Structure formats: C-alpha cells, structure tokens
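# Observations on chain architecture
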Amino acid sequence: FRNDVLKKVEYRDGKKVERYFIKRTDFRAPFYDLAQMDIGTQTYKGYCTSISVGGCFIELSKIDKVRMEKGAKILLKIKAGTLSEEINVRATIRNISEKRPRGLGLQFEELNDSQRDVIIEFVRQYVSSTSQKKAA
C-alpha cells in the first residue's frame, strides 16, 4: 500500500482479533453509475458506488473467481452522465468483497489530468452540498 496502515487489536468472545485500517489520502464520495470493466477478453458490468481520485468501488451481482483476483489489471469505463466526461482508465483490483456489498475495490493507475479534474470536481460538489445541508 502507498498509504499508512493502522492496526487495531480487539477481543471478541475471548479471542484476539486484529483489524487493519488504511489511512486514506483522497476523499471518497458516494456515487452511483454504470461501469464496464474489461479483464482480459471478458467484459463485466456493475455499478460504481463510490469514487475518489485514487480509485473506486464497483458493486457486482457475482464475482468471477477465475479472472477477478487481487492484483489483476483491468480497463474501467464510466460513461459521462453523473460525471461531466467519460472516464477510461487502467486500474488494479486491490480488494474483493464477496459479502454485501459484493464487488471490487479498484485503484486507478493512469488518470490523466482531465479525468482527475472531473473526479475532483464531483467530489468537491458532493462535499460542498453535504456541508451546506449540515449548516442548515
């Protein structure tokens, strides 16, 4: 990981449980739009449910355990709609969740300046609207 990892030790039912937390450097905003992933020759569709300039989470109806593995490289496409322009980016699978929400945590590899600006603006608008609601 490029970010700091924090370790927390808890005791549950008398058993020692270690939990790890990643200190994020990029704010992640809730998001909901269709996404397409190309892994090798296979194409998968799911919903991007959160996004930051560092990556996103893609919720899927099922996990393809053959092709979807940690470290796998993918090509991700999120069409313009919720975002002001289409995002086409290479990404790496960093996390796989087989429980709800079922899906993949992706880390962007090659965001260009325009794509980065689009995501930053989306997150900025979300934070601004959330701050205004709390102040009211």
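The rules we used
Residues numbered from 1 in each chain as written. Predicted model: local features only at pLDDT ≥ 70, side-chain atom pairs only at ≥ 80, totals over all residues. Heavy atoms only, no water. Helix = DSSP H or I, 4+ residues; strand = E, 2+ residues; numbered from the N terminus. Buried < 20%, exposed > 50% of the residue type's maximum accessible area, 1.4 Å probe, protein only. Contact = heavy atoms within 4.5 Å. Areas by Shrake-Rupley, 256 points an atom, 1.4 Å probe, with all protein chains shown as cover. Polar contact = N/O pair within 3.5 Å; in protein donor to acceptor, adjacent residues only side chain to side chain. Pairing = 2+ DSSP bridges. pLDDT = per-residue confidence, 0-100. Axes fitted to C-alpha atoms, helices over the stretch in contact; angles between N-to-C directions.

Attention now moves to the overall build of the chain. When its secondary structure is counted, the chain shows one helix and eight strands. Reading the chain from its N terminus to its C terminus gives the helix and strand order β-β-β-β-β-β-β-β-α. Counting every position in the chain, which comprises 136 residues, the buried fraction comes to 34%. Of the contacts formed within the chain by residues at least 6 apart in sequence, a portion of 48% connects residues at least 24 apart. Carbon and sulfur atoms form 47% of the exposed surface of the chain, whose accessible area is close to 9300 Å².

Before going further, it helps to spend a moment on the side chain of Q107. Within the fold, Q107 resides in strand 8 (residues 103–108). Relative accessible area serves as the criterion here: at 17%, Q107 is assigned to the buried category. One polar contact links Q107 to R94, side chain to side chain, over a distance of 2.5 Å.

As paired elements, strand 3 (residues 29–39) and strand 4 (residues 42–51) share nine bridges and run antiparallel to each other. Looking across to strand 4, one finds that D38 is bridged to T43. Hairpin connection between strand 3 and strand 4: a loop of two residues separates the two successive antiparallel strands, and G40 in this loop has a positive phi of roughly 60°. Taken together, the three bridges between strand 3 and strand 6 (residues 73–78) define a ladder with antiparallel strand orientation. Each bridged residue has a counterpart across the sheet, and for M37 the counterpart in strand 6 is L76.

On to the environment of A35, then. Looking at the secondary structure, you find A35 in strand 3. By relative accessible area, which is 1% here, A35 ends up buried. Counting along the chain gives 42 residues from A35 to K77, while the straight-line C-alpha distance between them is 5.7 Å.

Moving on: the confidence of the model for the chain. Confidence along the chain averages 88 in pLDDT terms, with 86% of residues attaining 70 or more. Within the chain, strand 2 (residues 15–22) has the poorest average pLDDT of any element, 74, and strand 6 the best, 97.

Ordered in space as 3-4-5-8-7-6, the six strands form a closed barrel in which the pairing is antiparallel. Neighbour to neighbour, the strand axes of the sheet diverge by 45° on average, direction disregarded. The sheet contact formed by strand 4 and strand 5 (residues 55–59) spans four bridges and is antiparallel. Bridge pairing in strand 5 links S50 to F57.

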